[in-house]
Amino acid sequence: MTFKSKTMRPDLFQSPDYYLLDELLSDEHKMVRDAARAWVKKEVSPIIEDFAQRAEFPKQIVKGLGEIGGFGPYIPVEYGGAGLDQISYGLIMQEIERGDSGVRSTSSVQSSLVMYPIWKYGNEEQRMKYLPKLATGEMIGCFGLTEPDYGSNPGGMVTNFKDMGDHYLLNGAKMWISNAPFADIAVVWAKNEEGRIHGLIVERGMEGFSTPETHNKWSLRASATGELIFDNVKVPKENLLPNKSGLGAPLGCLDSARYGIAWGAIGAAMDCYDTALRYSKERIQFDKPIGATQLQQKKLAEMITEITKAQLLTWRLGVLRNEGKATSAQISMAKRNNVDMALTIARDARQMLGGMGITGEYSIMRHMMNLESVVTYEGTHDIHLLITGMDVTGFPAFK
Ligand code: TGC
Ligand code: FAD
């Protein structure tokens, strides 16, 4: 289906590269990034505002997301992934989120929260059964960690399973789950009878498993969010992920997703900056472009400074990830810094457009509202600060 936006302007995006970061990228990085950028311009920008306004996920982009490496960019080719390095993965997330954080959410969940645990913690049968279909988007997954009473503190979860001899019996509920309403499978974290956390693959159609949609969101409207409800669900024993258990298992997936979000947030920030910069040169007030005023230049100068700092931070983190040296705390710092940076830029950019900034004709207000979820999920802004605090002092201040 071709769908032309009734509201949004043509996508004129030009990527800022103030410190010539392109010189640090390989030809492959640039090729992957440019392909993702071209795809977003053609397939996401023209339709996304209307889908967000209608609070609908644009299902028609799923196949294309798979083709640009948006599903499992770093998963080995033998399992259907793109076999790319961590910088290519980050650049793909940057470009997708430049289009919309909700679309990047779908990509993050599928790649880092569904494919990653099946690849890392699953057995060979599970890898071969699920990964190739997830890589193309033929199958969509979701990740159930958060519960109504356990968000920042997932270790307290009450969702549980009992060993019934020939199957496991799963009970409990998950909340705020991206992709839940249409996912074919869910990677669900639950406690066994000893209170140890394990990952289980739950498939749509299993009796007692339902996924009601969460409505009335003002943020991530083009991404579907829902609950996962387990009412005596019989899960086959072969669906347990055998190779890692404990809270460290889901948190390990979050490391990969949070890293992608650190790059993604730069994309949203670049789009807001680029839009505000163009507008400031065209909009005339008091007989001159608003970009010729000191107050608006201050905003733009601070935006490009913060984007450049975030680009450098994140590129270095990508190098450390490629070398297997990045720590969870380093990832937390980048996620926290970059999302906060993007949110501040979105708010300033929106003001620079005056009244036009609140309309769907420009992407800024949608980015701004989306980023209110991004600053909350995958660990809130404050939780990531506490992770950094714990890392530098050695004292956990959560409890
Ligand atoms: P704590 O005692 O510190 O740790 C428990 C075990 O986990 C290990 N660990 C990690 N392992 C891998 N990666 C990490 N980032 C890890 N952080 C900790 C740790 O070493 C320990 O291992 P072991 O072997 O000693 O048992 O755990 P805690 O209960 O004190 O909690 C720590 C805290 C608060 C940092 C953690 O729970 C946390 O990160 N909370 C935030 C929750 C969160 O981020 N939820 C995200 C849900 S998924 C989501 O939002 C998807 S949005 C998707 C989208 O649309 O993009
Ligand atoms: P709470 O944990 O109740 O936090 C409330 C406030 O208290 C926050 O400001 C927090 O920073 C603060 N706080 C908490 N503990 C402390 C402390 N010790 N010290 C100081 N301050 C503290 N989860 C999934 O499992 N899968 C998904 O796919 C998923 N997708 C999501 C999609 C959206 C759109 C949203 C909004 C959320 C999603 N989440 C998902 C859930 C998300 O990870 C949680 O919302 C997040 O971890 C915060 O949990 P909470 O909402 O329960 O807030």
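Sequence order as written defines the numbering, with residues in each chain counted from 1. Whichever chain is written first is A, and whichever ligand is written first is 1; the rest continue in order. Local features in a predicted model are, by the rule used here, given only for residues with pLDDT of at least 70; side-chain atom pairs are given and counted only at 80 or more, and totals for whole chains, interfaces and linings are based on all residues. Heavy atoms throughout the structure, all of them, feed into the side-chain values; hydrogens and water do not.

Asks: Which residues make up the pattern of salt bridges, and what are the values?
Replies: For side chains of opposite charge, pairing can occur when their charged atoms come near one another. One side-chain nitrogen of Lys or Arg within 4 Å of one carboxyl oxygen of Asp or Glu is enough to make a salt bridge. Scanning the entire structure with this criterion turns up 21 salt bridges. A salt bridge links Lys42 to Glu43, with the shortest nitrogen-to-oxygen separation between them at 3.1 Å. By relative accessible area, which is 61% here, Lys42 ends up exposed. Judged by relative accessible area, Glu43 falls into the partly exposed class, the value being 31%. Close ionic contact of Glu147 with Lys174 constitutes a salt bridge, the shortest N to O distance being 2.9 Å. A residue pair is termed long-range when its members are at least 10 positions apart, and Glu147 in the loop between strand S1 (141-144) and strand S2 (160-163) and Lys174 in strand S3 (residues 167-178) qualify at 27 residues. Any residue under 20% of the maximum accessible area for its type is buried, any over 50% is exposed, and the rest in between are partly exposed; the area is computed with a 1.4 Å probe on protein chains only. Secondary structure elements are defined from DSSP: runs of H or I of at least 4 residues count as helices, runs of E of at least 2 residues count as strands, and each element is numbered from the N terminus.

Asks: With reference to specific residues and values, describe the packing of helix H8 (residues 328-352) against helix H10 (residues 381-393).
Replies: Contact pair H8 / H10: the axes reach a minimum separation of 9 Å and the direction vectors enclose 145 degrees. Crossing hand, H8 versus H10: left-handed. The segment H8 lies against H10, with Ala329, Ser332, Met333, Lys335, Arg336 and Asp340 engaging His381, His384, Leu385, Ile387, Thr388 and Asp391. Considering only residue class, the contact of H8 with H10 consists of four nonpolar, four polar and four charged. Helix axes use the C-alpha atoms of the stretch in contact, all axes being lines fitted to C-alpha atoms, and the angles between their N-to-C directions lie in the range 0 to 180 degrees. Handedness of a helix crossing follows the sense of rotation of the near helix relative to the far helix, less than a right angle counterclockwise being left-handed and clockwise being right-handed. Throughout, a contact is declared for two residues whenever any of their heavy atoms are within 4.5 Å. Three classes are used: nonpolar for Ala, Val, Leu, Ile, Met, Phe, Trp, Tyr, Cys and Pro, charged for Asp, Glu, Lys and Arg, and polar for all others, with Gly counted as polar.

Asks: Could you give an account of the domain arrangement of the chain, naming the residues involved and the relevant values?
Replies: How big an interface is tends to be reported as the loss of accessible area on association of its parts. The split into domains, and so the bounds of each, comes from an automatic or database assignment of domains. Assigned domains of the chain: these are domain 1 (21-136), domain 2 (141-239) and domain 3 (248-393). Here domain 1 and domain 2 have C-alpha centroids that lie 23 Å from each other. Contact with domain 1, which involves 26 residues of that partner, is made by 18 residues of domain 2. Buried area between domain 1 and domain 2, summed over both chains or domains, comes out near 1700 Å², and the portion from carbon and sulfur atoms is 65%. Between the two partners, domain 1 and domain 2, sit one salt bridge. Put simply, Glu203 and Lys129 hold a salt bridge, and the shortest N to O gap is 3.2 Å. When two components associate, each loses some accessible surface as probed by a 1.4 Å sphere; the sum of these losses over both components is called the buried area.

Asks: Give a description of the site of ligand 1 that names residues and reports values.
Replies: Nearness is defined per residue: one heavy atom within 4 Å of the molecule or strand is enough. The full set close to ligand 1 counts 26 residues, and Ser105, Asp255, Arg258, Glu378 and Gly379 are the nearest of them. Under the rule applied, a polar contact is a pair of N or O atoms within 3.5 Å (in protein, one hydrogen donor and one hydrogen acceptor; residues adjacent in sequence only if both atoms are side-chain atoms). In the model, an oxygen atom of ligand 1 is placed 2.9 Å from a nitrogen or oxygen of the Ser178 side chain. Contacts to ligand 1 include Asp255, whose side-chain N or O atom sits 2.8 Å from a nitrogen atom. Within the complex, the protein chains bury 70% of what would otherwise be the 1100 Å² of accessible surface of ligand 1. Breaking the shell around ligand 1 down by element, the ones donating at least two residues are helix H4 (101-121) and helix H6 (248-282). Per-element tally for the shell around ligand 1: the top contributor is H6, with six residues. Here the shell around ligand 1 is built from residues that sort into 11 nonpolar, 10 polar and five charged. Only the protein chains shown count as cover for residues, and the accessible areas themselves come from Shrake-Rupley with a 1.4 Å probe.

Asks: Outline helix H7 (residues 294-322), supporting the account with residue identities and numerical values.
Replies: Given the number of residues in a helix, its expected span is that number minus one, multiplied by 1.5 Å. Here H7 spans 42 Å end to end across 29 residues, near enough to the 42 Å set by a 1.5 Å rise per residue. Positive backbone phi, at 70 degrees, marks Gly324, one or two positions downstream of H7.

Asks: Can you explain the site of ligand 2? Please cite residues and give values.
Replies: Neighbouring ligand 2 are 18 residues, the closest being Phe143, Thr146, Ser152, Trp176 and Thr380. The contact in question runs from an oxygen atom of ligand 2 to an N or O atom on the side chain of Ser152, over 2.6 Å. At a separation of 3.0 Å, a nitrogen atom of ligand 2 approaches a polar backbone atom of Phe398. Bound to the protein, ligand 2 loses 67% of the 980 Å² it would expose on its own. Elements with a minimum of two residues in the shell around ligand 2: S3 and H10. Of the residues in the shell around ligand 2, the class split is nine nonpolar, seven polar and two charged. Shared between two domains, the shell around ligand 2 takes at least three residues from each, and those domains are domain 2 (141-239) and domain 3 (248-393).

Asks: Before we move on, can you summarise the nonpolar core with the specific residues and values?
Replies: In this description, a nonpolar core means a group of buried Ala, Val, Leu, Ile, Met, Phe, Trp, Tyr and Cys residues linked to one another through side-chain atoms lying within 4.5 Å. Ranked by internal contacts, the top residues of the largest apolar core, which has 85 residues, are Ile118, Leu134, Leu170, Trp189, Val202 and Leu228. Per-element accounting of this core gives the leading share, nine residues, to helix H1 (residues 27-53).

Asks: Mind laying out the pairing of strand S7 (residues 225-236), listing which residues take part and the relevant values?
Replies: Pairing between S3 and S7: nine bridges, direction antiparallel. In the strand pairing of S7, Gly172 is matched with Phe230. A pair of strands is considered paired only if DSSP assigns at least 2 bridges between the two. In terms of strand pairing, strand S6 (residues 209-210) meets S7 through two bridges, oriented antiparallel. Residue pairing for S7: Ser210 is matched across the bridge by Ile229.

Asks: Go over the side chain of Gln110 with me, naming the residues and quoting the values.
Replies: Tracing the backbone through its elements, the reader meets Gln110 in helix H4. Judged by relative accessible area, Gln110 falls into the buried class, the value being 0%. Of the polar contacts made by the side chain of Gln110, one reaches the backbone oxygen of Leu134; its length is 2.9 Å. Polar side-chain contacts of Gln110 include one of 2.8 Å to the backbone nitrogen of Gly141.

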